[in-house]
Every structure is written in structure tokens, then in C-alpha cells.
Amino acid sequence: MVIAVYFYPVMTMDKVFFISGESGIGKTTFVKQLIDKLSHDNIPMAGFYAEGIWSNDERAGFDLVDVQTGTKMPLCTTDYEATGIPFRRFYFYPEALTFGQRILSDCKGSHRVVIVDEVGPFELQGGGWAAALDDLLQNPPRVLICTARPSIVKSLATKWNILPIVYNDLSSYKMDELFQELKQLFH
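Note that the structure is a prediction, hence the values are computed from the model and not measured. Residue positions are given per chain, counting from 1 as you read along its sequence in written order. This being a predicted model, a pLDDT of at least 70 is required before a residue's local features are given, and a value of 80 or more before pairs of side-chain atoms are given or counted; all residues contribute to the totals for chains, interfaces and linings. Hydrogens and water are ignored here; the side-chain numbers use all heavy atoms of the structure.

## Thoughts on the nonpolar core
Burial of nonpolar side chains together is a common tendency in soluble globular proteins. Leu75, Phe92, Leu104, Val116, Trp129, Leu133 and Leu144 are the most contacted members of the largest nonpolar core, which has 37 residues in total. Counting residues per element, this core draws most heavily on helix H2 (residues 94-105), at 5 residues. Sequence-distant contacts of leucine 104, defined by excluding residues within four places in its chain, comprise Phe48, Val114, Val116, Trp129, Ala132, Leu133 and Leu136. In plain words, nonpolar cores are sets of buried Ala, Val, Leu, Ile, Met, Phe, Trp, Tyr and Cys residues tied together by side-chain atoms within 4.5 Å. Only protein chains enter the accessibility calculation, which uses a 1.4 Å probe; a residue whose area is less than 20% of its type maximum is buried, one above 50% is exposed, and one in between is partly exposed. Core analysis: the second largest hydrophobic core is formed by 21 residues, Phe30, Ile145, Phe179 and Phe186 among them. A run of H or I in DSSP becomes a helix once it reaches four residues, and a run of E becomes a strand once it reaches two; helices and strands are each numbered from the N terminus. Any two residues whose heavy atoms approach within 4.5 Å are treated as being in contact.

## Digging into the pattern of salt bridges
The working definition used for a salt bridge is a side-chain nitrogen of Lys or Arg within 4 Å of a carboxyl oxygen of Asp or Glu. In this structure the tally under the stated criterion is 6 salt bridges. The residue aspartate 41 makes a salt bridge to lysine 183 at a minimum N-O spacing of 3.8 Å. Separated by 142 residues along the polypeptide, aspartate 41 in the loop between helix H1 (27-40) and strand S3 (45-55) and lysine 183 in helix H6 (residues 175-186) bring together distant segments of the chain. One salt bridge connects aspartate 135 with lysine 108, and the closest N-O pair in it is separated by 3.0 Å. Taken together, the residues span a long stretch of sequence, with aspartate 135 in helix H4 (residues 130-136) and lysine 108 in the loop between H2 and strand S8 (113-116) at a distance of 27 residues. Overlapping salt bridges, with partners in common, bring together Lys27, Glu118 and Arg149 in one network.

In C-alpha cells, the structure reads:
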């Protein structure tokens with residue numbers, strides 16, 4: 001089950017959305033469909049999503065994809081990588097983390113929808129996108145959309161001082177409703 005969790009931030013941003021669900025449930029697919037709709041309607045956006053890489057029916061890593069340019073680079077792998085930053089079963093490529101951090105840095109104070117797929121335990125421990133999100137939220141974009149697992153959404157909200165408002169099951173809260181809500185913010 002994928003859950004959309006909505007927050008009204010304590011800061012100057014219009015809204016923060018967490019698209020939440022367990023691994024493999026469809027969070028990234030949902031975000032990619034939302035990106036297509038936003039792009040089709042010329043709603044300004046930036047950020048990135050992590051596209052799964054599969055090998056022998058198992059997740060073997062992720063590619064990081066820039067929402068604006070479509071530029072793709074390897075983010076992490078389950079194979080040992082000598083220069084990789086280990087976290088749980090993955091080795092993260094430092095250049096991909098820098099790439100994602102640069103994307104978020106360019107979004108500070110922007111009048112855009114900013115997408116971050118995914119925020120997780122790595123960020124809660126100060127890795128991954130944590131520093132870039134700390135910096136971004138000091139001068140936030142208009143709207144921030146993050147994906148996360150349900151078990152850590154409250155911890156993420158606490159970490160970045162964001163107050164929860166509404167939880168919606170995406171089976172009842174359709175893509176079009178979220179899109180219309182975003183569209184109203186920008187038109």
C-alpha cells in the first residue's frame with residue numbers, strides 16, 4: 001500500500017509531500033507519472049528520482065535520474081565498490097551523491113516543485129541527501145515532494161521540523177487529485 005503523507009511546513013514553503021510505501025510498492029513509478037503530468041502542464045520542477053536496477057530478480061542498485069535533464073548516473077550498487085560509501089547492503093558512488101546534492105543546492109528558494117526520491121535511513125544518520133536537504137530547507141522551494149518508507153516518515157518530519165497534517169492512501173487519493181493540487185499552486 002502506498003500512502004501519501006502531507007505536511008504543512010513550519011517554514012515559508014507552500015507544502016511538503018511525502019509519498020510513502022514499502023520497498024518495491026511503486027513510489028518511484030508514482031513519482032515518474034507525476035513528473036510526466038507536471039512536465040506536460042509546464043509546471044516548473046527539479047530534483048531527482050532513483051530508478052531501480054535489477055539482476056536475477058533482485059534489486060542490484062539504483063541509478064539517479066535528474067528530473068530536468070534526464071541525465072542518469074549510477075547511484076549505488078550491491079556489488080562491492082572500493083570507492084563506494086557503504087550503507088547497509090549498498091555501496092554509494094560519491095560522484096552520484098555530489099550530483100544529487102548539487103541538484104538540490106540549485107533548487108534553494110526556487111518557485112518550483114522539487115522532487116527527492118528517496119529519503120531514508122541514510123539521511124536520518126546524516127548521509128546521502130541530509131546536508132543538502134538541511135541547506136535546501138533554510139531557503140526552501142515552493143513545494144517539496146519526497147518519497148520515504150512509512151516507518152521513518154515521522155522521524156524525517158521531526159528531523160526537518162515539519163508538522164504532519166494528513167495521511168491518504170493512494171488508492172483513494174488519486175494521482176490526478178495531487179496533480180490538480182500542485183497545478184493550483186502554480187497557476
